[in-house]
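Inside the fold
This is what each chain is made of:
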Amino acid sequence: MATLELYSKRASVWIPDPDAVWVSAQLLQDYVPGEKHLLLQLSNGKEMHYPVGSPADLPPLGNPDILEGENDLTALSFLHEPAVLHNLRVRFLDYSSIYTYCGIVLVAINPYDQLHIYGEEVIDAYSGQDMADMEPHIFSVAEEAYRTMTREEKNQSIIISGESGSGKTVSAKFTMRYFAVVGGAAQQTSVEERVLASNPIMESIGNAKTTRNDNSSRFGKYIEIGFGRKGEIIGAKMRTYLLEKSRVVFQASSERNYHIFYQLCASRQLPEMRSLKLDAPENFCYTNQGGEMQIPGADDASDLERTRNAFTILGVQPDQQMELFRILSAILHLGNVNIQSSGRNSDKSYIDGDERSLAVFSKLLGVEGPQMAHWLCHRRLAVGGEMLVKPRSGQQAVEARDALAKHIYGQLFTWTVQRLNSALRTQRGQTRSFIGVLDIYGFETFDRNSFEQFCINYANEKLQQQFNRHVFHLEQEEYVREELAWSKIEFSDNQQCINLVEGQLGLFDLLDEECRMPKGSDESWVQKLYDQHMTSKPHPHFQKPRMSNNAFIVLHFADMVQYECEGFLNKNRDTVYEELVNIMKASQSELVAELFQQQENLSPVANGSVRSGKRATREHRLTVGFQFRQSLQMLMDTLNSTTPHYVRCIKPNDLKEPFMFDPKRTVQQLRACGVLETIRISAAGFPSRWTYEEFFSRYRVLLRGPQSLEQAQASCRRTLPQIISDPDQYCFGKTKVFFRAGQVALLEKLRAERLREAAVVIQSRVRGWLSRIRFTRVLWATVTIQRYSRGALARRLAQTLRYTKAAVVIQKTYRMVVVRQLFLMIRQATVTIQAFTRGTLARRTYRQLVAERAAVLLQARVRGWLARRAYRRVREAVVFMQCCARRRAARRELLKLKTEARSVEKYRELNKGMEVKLMQLQLRADQEARKSAALRETLHAEREAATAELEALRVVIQRLETQKHERPPPCSDISEKKVEQRRRAEDKAAQEILQLTQELQTLQREKEDFIKEREELSARLLEQEKAQEECVHQAVSQASEALRVELDEERRKYQGLLREFTRLEQRYDNLREMSLLTERTSGHRRTDSTQSLSFEPPSPTRLSPQPLTPLSLSPPAFPSTEDVRWVVGTSPRLERTLSACSSETQMDWLMEKMDVAKDPVVKMRGEDLAHAYDAVRVANKFLESQLRNQRSQWEEELEALRRQASSASSSAAQPQELQELLEAREQECVRLRRELKELRNTASLRRLLTQVLPSVLTAEISSCPSQPKAAAVTGLLECRKRDETKLMKNLITDIRVDTALSLPPGLPASVLFLCVRQADCSRDQTPARSLCSAAVTAVKAALKKHNNNIDMTALWLKNVCVLHDLLTQHSTKQSLDSADRVPLTNNLSNMTHALSDLCIQAYQQLLSITETRLQNIIVPAMLESETIPGLSGSAVKLGASRKRAGSDPRTVAGVAPTMASVLRELGALHTAMTHQALPAPLMEQAFHQLTYLISASALNCLLLRKDICSWNRGMQIRYNVSLLEEWLRSRNLQAGGAVATLEPLIQAVQLLQTGKKSEAEARALVQTCSALSSQQIVKILTLYTPHSDLEERVTLNFIRTVQGLLKGRSDSQPPLLLLDVRRVFPVTFPYSPPTGLHAEQLVIPDTLKISFLRRV
């Protein structure tokens, strides 16, 4: 009982509720002992009075809010039913977490939805992690069992229980899948594959649809997975319990028979299934009783296909599978056999002779139909030594038919299990230990409970007893380990109930006795139960129903269950008649006969005759109940000999709705599965446990005296008795302090009061300090105001004096200004009058001059107009003639262009609209240009005419003036007629001048308009040119990006293939070593395997008819790695075919080497495949050269296009040409892409092979003799043939580590290249190829020898890269670019490809070494290490330190890893690569891969650990990441994306540190975390746990707000929770060959011992 002091005002309590089981309420006043009522306020605001008779009737207290959603129920302060139910509801509904720990039990709630929490990335995250550190998960339990098994070498068991529909089968499947992954290789071996293949088979024949579950297991199973010395799976074994055979002949409403029957009916149209004569399931009696033929979301046909594939994996041949399907189909036909009653009282029965169902049944099973019909309707009796045949009634015949069907199915089920066990039996050595997975039915109670429910509940009673004792044993171990003085914990033992069932004269005993009676019945048996357990010896767990005499009640540990006795005897006997069994034994089918021959060692089945006592004893041992008790006892013995782990599956609702929580059903199951019993046992002892350091950090405010972390235990022992007066409420251990239930809540209350008192003192001091500061500020403000006031008065006086003086000055100045203005005004008037007078005189003179000038101008304009009119007529005639001539020429040009357009018509179809538009714009521009030119010509002509006319007028005027001067003075008697004519001429000239002036202005305006339009057109053309340039640039960029992405993907696939090939090599070596070991063990002498398995170098020519081999890596029938790469680059289908053929060829070769017999035809298949690979390789080489040439041409044309586009802005006619070039390039790109797609198509590849291969072969063969002669090359090294092995040994394989590391970078590669160069000068291909092949083989051996040495791996990576670059540099293709470089005479391209693959292999090994070293220190260093000391020293969460019982803390050897450890490993890699002078881009790629691994591993662990998601820990992680960033930047490694890969982890840490309350903070959070997916953001918010009272939990409203905002953003991240830590980025090696390599330049130390090389 909790302390009464905790029932104070505002305390949270739980009160019972009829609907929600428990509801939360709050105390409105303190509880005083003796009060009869508590004043409570419910969550809806309603107040109520809760009756309290005594302190024992007080409602349970609620846990603090900080413990809401705790992942371990035993960490709660108050351990009771409402707290458990509320915590499960919060985790299930609010956090979407289906797993919760309850001590050693994992509670799993069925979500009825697909959750993405079972991928390989989740398995990787849980592998190797401690159970206490990770979020609850089924993988965590599996990992705990696996780690305990490997650490202690003790067998383990995982007990998965729960009622139907709670998810037991799924949990068992995921557990087995986890073991298959962590106990096997990356790719499943045959054993792991067979273990997983057993699931679909057992689901088909053992699972069925019930009212509660669509895939309910109707049997119990225990699978033992055997492991070897290294923790790998080497075998498995399965045991089954209590198959529900009655379902074969009867199904309740809305239920189905076993899945296999419906799968066969759904596949009846398959050709191989037509002989089974199946029909729709509605037409079979054994499948249509429940009325449910289909399961929503399930496909029976595909399920059967999966079942057949599983049989194939387990070694069951197709003919044997069909035999099994025939037996199952026969059961369906047997159910349709029509048995009719006859006789006077219907005491006889018969079957028609033409009964179709019986005929099909007999044909399928190979039995005699008439005999079967006879003995179904008759039975044999032994009377007085004679055998009599007695007919059966119709009901008895139907029962005999159903019994036979159940017996056949039961025998078939048993045979299938035995067949699975034989397939899963270990074949790789002796099993060292095993992990058992028990998937067994949970406690069941229905409206009508029968024999099956009785056995199931009996099994659960035994399991619950074992569970209780194990929990008690763990609690006792903890107390003994801590040396506590403790008293024995009382727990409810259900031994009495078990004795009632299995004890002497118990329920099973009386049931077997009644089965031995000739006329035993269910009624007589239940009467014996009443007499034995109610009358003579009343049993506390046995009761009789009030309203029934054919039932009994058993008080189980979980609930009171009423069993109906009808059918108990028949189900316990499980009788089938001997005559029917004998008919089945005589079947022509081998499998049917095998099924029924198994009964020969058993007692004969019941045949209705009077049996002797000896026979009855034997039959007693074989009753179903007796067999079930024996198998259950064996199971309990196995479980008791192992370390158990418990998984309790909970069904949240009966409607199968996703994430719907029914508290009534959940509480019922919690009581039944033992979770609450675990809570009760924990609460009975000391459930709250703290280490002294954690207790000191949390409650140091309550401790007195000197306080230091080193004296934490002494301080606790000294102060705790003063805080808690009752010494029974706590206990001191060696390393921990233990508390009774509720004491931690009391300590929390005292701590809160102490903090509140301290807060009051702090507030008083702060308020006084604030008041003093306020007074000081007021005083200072008063003095300041006074000072400013006095200053203002003084300034006002000074201002008055200044104003008086200023007024005098202003008056003086004003008077002076007035007088000056008057003087200036008079002077201005005088000047103005003079100006106007002078202006009048000047204008008069000007007008006279203008009049004279006008007369001259009129004459000039008239004459000019006449001349222009004559000129225009002539020009129009000339223009007309030019137009005719140009039109004729244009027509000819048009015909020519049309002819050319037809040839490129298909290239202009794609961009027809743009071409037409551009042509229209061009035509318009041409028209405007022509108009502008015409106008310019017209204007020019007009100007010339006006100039000519003006000159003419000037000449005329000059002549007239001359005549005027020469003419004598005019007579005074000029006639009036001449004056009038002159006046008219002047008027007419003035009118013409005006008209010409207007026309000139009009032409000027038109000219300006044309100029503007020309500028607009020019600007528009420039814009179009720019747009076209941008389109071209964008198209080129997109195409380049697409090609780059495609190339990276192909490179990644190819490098993954190389990695897989390397793994297969290692696996092959292991098989070879195993075979050698087997030969030595068996004593059989044969040829040395090292000789038979030695690898020859590749064929010297690529066109050799012999099959090529990879470089000393695989048997002669294997395709080379180069072949693999080209086939992969050609077709994914060929890739799959090649991988399959490769594995088959490898196995065939191994069988041949091991003297295993094999068909000769199969042997020839490898040679054919090798020839095919050669053909594909040659064709690929030809196609690659074509593609490279086309790509180079395309790049050259693209560069020319860019240059033309850059210069197109200076001309108006170039856009058309640019557009045409763009169209041509686009057509070229389309053609190249189409050819690339054709190359990837298998059919196109075959066509190309048939067309190209002969010509290529001819060309290559013909080109061989015409090789150029080798030029004289000096500065080489000569290696004789006999010294080749010695060179490889001294230079590569047997070189000492210190010697190798002291060599200059790339020296071995340079020596090898000079030797190869000298061998190449001999014009013989064999020495050069042999030397290269030997070098590749030796480097591979060196890499394998130093597979854990990072320095040596970097050294050989450098040398392989240098040798590859040197061979590439001196190849024929590269040497053509340099006139001073002599190319190699031999074609060593295949060696270059082999070296390229070896570069990738060495690079992968280099990263693998570092990744292996980093794997175990990433999480401790990045997430757990405290680089900032003291930041999280006082941040201890309440209840977080409680470890689950049975989960031992991880033993840490030495110092815990820190960031210095991570940086040390990265520094070792950087030093090794720098020492070998590896290129910077390669180093950037390597650290990009490693930083991704670090970021992904840390982020995945952060997403699965609740203790990491806090503000303090986020600060530590951010600092650790900053150290890594600073390290990368200090070494200039950020350019390759190494820092960018840390962005998800950085954003996750920022998410822990930012505010999480308002909507604005939610928006900022969503915008900031762009590198995180929506699931990751919500998961971190859900896991966020405050580690101090100053922090608050993230509210559900805030999480929903964030979810709403995340739905609106375009999330580029995949919808996954965890990152794939196995992701591999493709690597590219920069081409950087050394220049000027000569033997004289090499300094070869004597330690290499290669002085036998001769300098040439």
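Residues numbered from 1 in each chain as written. Predicted model: local features only at pLDDT ≥ 70, side-chain atom pairs only at ≥ 80, totals over all residues. Heavy atoms only, no water.

Turning our attention to the overall build of the protein. Scanning the protein for helices and strands turns up 48 helices and 25 strands. For the protein, the proportion of its 1656 residues judged to be buried stands at 47%. Considering only intrachain contacts with a sequence separation of at least 6, the fraction spanning at least 24 residues in the protein is 73%. Total accessible area computed for the protein in this model is approximately 84,900 Å², and 54% of it derives from carbon and sulfur atoms. (Helix = DSSP H or I, 4+ residues; strand = E, 2+ residues; numbered from the N terminus. Buried < 20%, exposed > 50% of the residue type's maximum accessible area, 1.4 Å probe, protein only. Contact = heavy atoms within 4.5 Å. Areas by Shrake-Rupley, 256 points an atom, 1.4 Å probe, with all protein chains shown as cover.)

The seven strands are arranged β5-β6-β20-β7-β16-β10-β11 in an open sheet whose pairing can be described as mixed. Because the sheet does not close on itself, it has two edges, and the strands there are β5 (99–102) and β11 (233–241). In this sheet, adjacent strand axes meet at a mean angle of 20 degrees when their direction is disregarded. The pairing of strand β7 (residues 156–162) with strand β20 (residues 643–650) spans six bridges and is parallel. Directly across from Ser-161, in β20, lies its bridge partner Arg-648. Across the face of the sheet, helix α3 (residues 138–152) comes into contact with β5, β6 (105–109), β7, β10 (220–227), β16 (433–441) and β20 while running at roughly 155 degrees to β7. Of the strands in this sheet, β7, β10, β11, β16 and β20 are in contact with helix α4 (residues 168–182), which crosses β16 at around 165 degrees. (Pairing = 2+ DSSP bridges. Axes fitted to C-alpha atoms, helices over the stretch in contact; angles between N-to-C directions.)

On to the side chain of Asn-1520, then. Along the polypeptide, Asn-1520 turns up in helix α44 (residues 1511–1530). Those residues in contact with Asn-1520, other than ones at most four positions away along the chain, are Ala-1421, Met-1422, Ser-1425, Thr-1427 and Met-1459.

This part covers the pattern of salt bridges. Per the counting criterion, the structure on display carries 39 salt bridges. We note a salt bridge from Glu-244 to Arg-218, for which the minimum N-O separation is 2.6 Å. Placement of Glu-244 in the loop between β11 and α6 (259–266) and of Arg-218 in the loop between β9 (216–217) and β10 is noted, with a sequence separation of 26 residues between them. This pair shows no difference in class: Glu-244 is buried, exactly as Arg-218 is. Each of Glu-163, Lys-651, Asp-654 and Arg-665 takes part in one network of salt bridges that share partners. (Salt bridge = Lys/Arg side-chain N within 4 Å of Asp/Glu carboxyl O.)

Taken together, the five bridges between strand β18 (residues 551–555) and strand β19 (residues 560–564) define a ladder with antiparallel strand orientation. Note on β19: the bridge partner recorded for Phe-552 is Tyr-563. Counted along the chain from β18 to the antiparallel partner β19, the turn is four residues long.

Right, let's talk about a nonpolar patch on the surface for a bit. A cluster of nonpolar side chains, contributed by Ile-762, Val-766, Trp-769 and Leu-770, occupies part of the molecular surface with about 380 Å² of accessible area. Its place among the elements puts Trp-769 in helix α25 (residues 743–903). (Patch = residues over 30% accessible without salt bridge, like charges linked within 9 Å, V, L, I, M, F, W, Y side chains within 5 Å.)

On to the packing of helix α17 (residues 578–585) against helix α18 (residues 590–597). Remark: α17 packs on α18, axes separated minimally by 8 Å, with the N-to-C direction vectors making an angle of 140 degrees. For the element pair α17 / α18, the angle class is oblique. On the side of α17, the interface is formed by Val-581, Met-584 and Lys-585, while α18 contributes Val-592, Ala-593, Phe-596 and Gln-597. Across the contact of α17 with α18, the residue classes tally to five nonpolar, one polar and one charged. (Parallel < 35°, antiparallel > 145°, perpendicular 65-115°, else oblique. Nonpolar A, V, L, I, M, F, W, Y, C, P; charged D, E, K, R; others polar.)

The next point concerns the sheet that holds β19. Pairing within the open sheet is antiparallel, and its three strands lie in the order β17-β18-β19. Each of the sheet's edge strands pairs with one partner strand only, and the pair in question is β17 (542–543) and β19. Pairing of β17 with β18 involves two bridges; the strand directions are antiparallel. Bridge pairing in β18 places Gln-543 opposite Ile-553.

Okay, the environment of Lys-571 next. Assignment of secondary structure puts Lys-571 in helix α16 (residues 568–573). Between the alpha carbons of Lys-571 and Ser-246 there is a distance of 8.3 Å; along the sequence they are 325 residues apart. Here Lys-571 is in contact with Ser-450, Phe-451, Glu-452 and Val-624, once residues within four sequence places are set aside.

Another point: the packing of helix α46 (residues 1559–1568) against helix α48 (residues 1596–1608). For the pair α46 and α48, interaxial distance at closest approach is 10 Å and the crossing angle is 45 degrees. Taken together, the axes of α46 and α48 lie oblique to each other. The crossing of α46 and α48 is right-handed. Contacts from Glu-1559, Ala-1562, Arg-1563, Leu-1565 and Val-1566 of α46 reach α48 at Phe-1598, Thr-1601, Val-1602, Leu-1605 and Leu-1606. (Left-handed = near helix turned anticlockwise from the far one by under 90°.)

Positive phi, close to 55 degrees, is recorded for Tyr-112, a residue that is not glycine. Relative to the assigned elements, Tyr-112 resides in the loop between β6 and α2 (120–126). Look at Phe-659: it is not a glycine, yet its phi comes out positive at around 50 degrees. Positionally, Phe-659 belongs in the loop between β20 and α21 (663–673).

Another point: the packing of aromatic side chains. The final tally for this structure, using the stated rule, is 32 aromatic pairs. Measuring from ring centre to ring centre gives 5.6 Å for Phe-695 and Phe-739, while their planes differ by 25 degrees; the resulting arrangement is stacked. Of the two residues, Phe-695 is situated in helix α23 (residues 692–699) and Phe-739 in strand β23 (residues 736–739); the sequence distance between them amounts to 44 residues. The class for Phe-695 is buried, based on a relative accessible area of 1%. One Lys or Arg, Arg-256, reaches over the ring of Tyr-262 and ends 4.0 Å from the middle of that ring. Lying over the aromatic face of Tyr-1584, Lys-1556 brings its terminal NZ or CZ to 4.4 Å of the ring centre. (Phe/Tyr/Trp six-rings, centres within 6.5 Å; stacked < 30°, edge-to-face > 60°. Lys NZ or Arg CZ within 6 Å of the ring centre and 35° of its normal.)

What follows concerns the side chain of Thr-1541. One can find Thr-1541 in the loop between α44 and α45 (1543–1553). The exposure class of Thr-1541 is buried, given its relative accessible area of 10%. Engagement of the side chain of Thr-1541 in a polar contact is seen with the side chain of Thr-1491, the distance being 2.9 Å. Excluding its chain neighbours within four sequence positions, the residues that come into contact with Thr-1541 are His-1488, Thr-1491, Tyr-1492 and Ser-1495. (Polar contact = N/O pair within 3.5 Å; in protein donor to acceptor, adjacent residues only side chain to side chain.)

So, about the pairing of strand β2 (residues 21–27). Examined bridge by bridge, strand β1 (residues 12–17) and β2 share six bridges and lie antiparallel to one another. Pairing of Val-13 across the sheet is with Ala-25, part of β2. Counting the residues that bridge the hairpin from β1 to β2 gives three residues. Relative to strand β3 (residues 37–42), β2 runs antiparallel, the two being bridged by three bridges.

On average, residues of the protein carry a pLDDT of 79, and 79% of them reach 70 or more. Least confident of the elements in the protein is helix α28 (residues 1089–1092), whose mean pLDDT is 35; most confident is α6, at 94. Throughout residues 1080–1173 the model reports pLDDT below 50, and contacts reaching past four residues in sequence, or to other chains, amount to 138 contacts. Between residues 1239–1270, whose pLDDT stays under 50, and residues either more than four places distant or in other chains, the model counts 47 contacts. (pLDDT = per-residue confidence, 0-100.)

What follows concerns the nonpolar core. Membership of the largest hydrophobic core comes to 309 residues, with the highest contact counts inside it found for Phe-179, Phe-552 and Leu-1287. Broken down by element, the residue count for this core peaks at 13 residues, all from helix α43 (residues 1480–1502). Among all residues touching Leu-1287, those that are not within four sequence positions of it are Cys-1279, Ile-1292, Leu-1312, Cys-1315, Leu-1331, Ile-1650, Phe-1652 and Leu-1653. Ranked by size, the runner-up nonpolar core spans 18 residues in total, among them Tyr-31, Leu-38, Leu-61 and Phe-78. (Core = buried A, V, L, I, M, F, W, Y, C linked by side-chain atoms within 4.5 Å.)

You can see Trp-22 is positioned in strand β2. Under the relative-accessibility criterion, Trp-22 is labelled buried at 17%. Each C-alpha atom of the pair Trp-22 and Pro-82 lies 6.0 Å from the other, and the pair is 60 residues apart in sequence. Discounting residues that sit within four places of it in the chain, Trp-22 has contacts with Trp-14, Ile-15, Pro-16, Asp-17, Pro-60, Glu-81, Pro-82, Leu-85 and Arg-89. Among the polar contacts listed, one links the side chain of Trp-22 to the side chain of Glu-81, at a separation of 2.9 Å.

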